[in-house]
Amino acid sequence: MTNKSLDKLQKVIEYKFNNLEVLISALTHKSYAAETGLKYYNERMEFLGDSILSAIVAENLYKRYPLEAEGKLSQLKSQIVSAQNLSQWAKEIKLGDYIILGKSEDSADARNRESLLCDLFEAVVGAIYLDGGFDSSRKFVLKFLDKQTDIVITDYKSRLQEIAQSEYKE
């Protein structure tokens, strides 16, 4: 990863890292670490980013929908932090172009795989949090969340139960 591409990514995400090693760690896939003997890669940062992301989304929904019940807020949050949605956000900023993959894993298909992009997005959220704190990570996430006006709940099981209960009163 060149300094030029790191600079470009920082411009795209609109966050300048104080410690570039944090960003590089967030971009480093386990396959690259295994091939090169690195002891760090992005899975731990992804774990952290997932929690930070959930807190940011929960806070945003709580404020955005002051009259909604907890169940509805949970459904909305579930849709927002879904792999499908997060990978779409990652595609918007071309995060797949920046991931550091091992030779065995590196391909155009891998760089566009939903699960990889979702994990990468979470790792970047975690990296921003570690480098700049909660407010910096919130600012990053809200750029995507604020554009999301319509959140469609696709919890088909719950919807089916609601229909059955209203129809059959059971």
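The structure under discussion appears in the preceding block.
Residues numbered from 1 in each chain as written. Predicted model: local features only at pLDDT ≥ 70, side-chain atom pairs only at ≥ 80, totals over all residues. Heavy atoms only, no water.

### Re the environment of Ala 26
Within the secondary structure layout, Ala 26 lies in helix 2 (residues 20-27). Here Ala 26 falls in the buried class, since its relative accessible area comes to 0%. Sequence separation of Ala 26 and Tyr 62 is 36 residues, and the distance between their C-alpha atoms is 29 Å. The contact partners of Ala 26, leaving out residues within four places of it in the chain, are Asn 42, Met 45, Leu 120, Ala 123, Val 124 and Ala 127. (Helix = DSSP H or I, 4+ residues; strand = E, 2+ residues; numbered from the N terminus. Buried < 20%, exposed > 50% of the residue type's maximum accessible area, 1.4 Å probe, protein only. Contact = heavy atoms within 4.5 Å.)

### Points about the packing of aromatic side chains
Note on aromatic pairs: each is described by the distance of the centres and the angle between the planes. The final tally for this structure, using the stated rule, is six aromatic pairs. Seen in terms of ring centroids, Tyr 15 and Phe 17 are 4.9 Å apart; in terms of plane orientation they differ by 90°. Their pairing is edge-to-face. Judged by its relative accessible area of 12%, Tyr 15 falls in the buried class. Through pairs of rings, three or more aromatic residues link up here, namely Trp 89, Phe 121, Phe 140 and Phe 144. (Phe/Tyr/Trp six-rings, centres within 6.5 Å; stacked < 30°, edge-to-face > 60°.)

### Let's talk about the packing of helix 4 (residues 43-64) against helix 5 (residues 70-80)
At a minimum axis distance of 10 Å, the contact between helix 4 and helix 5 shows a crossing angle of 135°. Judged on the interaxial angle alone, helix 5 and helix 4 are oblique. Every pair of crossing elements has a handedness; the one defined by helix 4 and helix 5 is right-handed. Each of Ser 54, Val 57, Ala 58 and Leu 61 in helix 4 lies in contact with helix 5, whose residues at this interface are Leu 73, Leu 76, Lys 77 and Ile 80. (Axes fitted to C-alpha atoms, helices over the stretch in contact; angles between N-to-C directions. Parallel < 35°, antiparallel > 145°, perpendicular 65-115°, else oblique. Left-handed = near helix turned anticlockwise from the far one by under 90°.)

### A short note on helix 9 (residues 134-145)
When the terminal C-alpha atoms of helix 9 are compared, their 16 Å separation across 12 residues agrees well with the 16 Å that a helix rising 1.5 Å per residue should span. Turning to helix 9, its buried residues number three or more, namely Ser 137, Phe 140, Val 141, Leu 142, Phe 144 and Leu 145. Summarising the contacts, the buried residues of helix 9 are in contact with helix 1 (3-13), helix 4, helix 5, helix 6 (83-92) and helix 8 (114-132). (Expected span 1.5 Å × (residues − 1).)

### Structural notes on helix 2
Counting buried residues along helix 2, six of its eight residues qualify, which places the element largely inside the surrounding structure. Residues of helix 2 that are buried include every one of Val 22, Leu 23, Ile 24, Ser 25, Ala 26 and Leu 27, and no others. Tucked inside the fold, the buried residues of helix 2 contact helix 1, helix 4 and helix 8. Taking the backbone nitrogen of Glu 21 as reference, a side-chain oxygen 3.0 Å away marks Asn 19 as the first, capping residue of helix 2. (Polar contact = N/O pair within 3.5 Å; in protein donor to acceptor, adjacent residues only side chain to side chain.)

### A word on the pattern of salt bridges
Counted according to the given criterion, the structure contains seven salt bridges. With a closest N to O distance of 3.0 Å, Arg 138 and Glu 59 form a salt bridge. Linking Arg 138 in helix 9 with Glu 59 in helix 4, this pair joins segments that are 79 residues apart in sequence. Residues Glu 92 and Lys 147 are paired through a salt bridge, measuring 3.1 Å at the closest nitrogen-oxygen approach. (Salt bridge = Lys/Arg side-chain N within 4 Å of Asp/Glu carboxyl O.)

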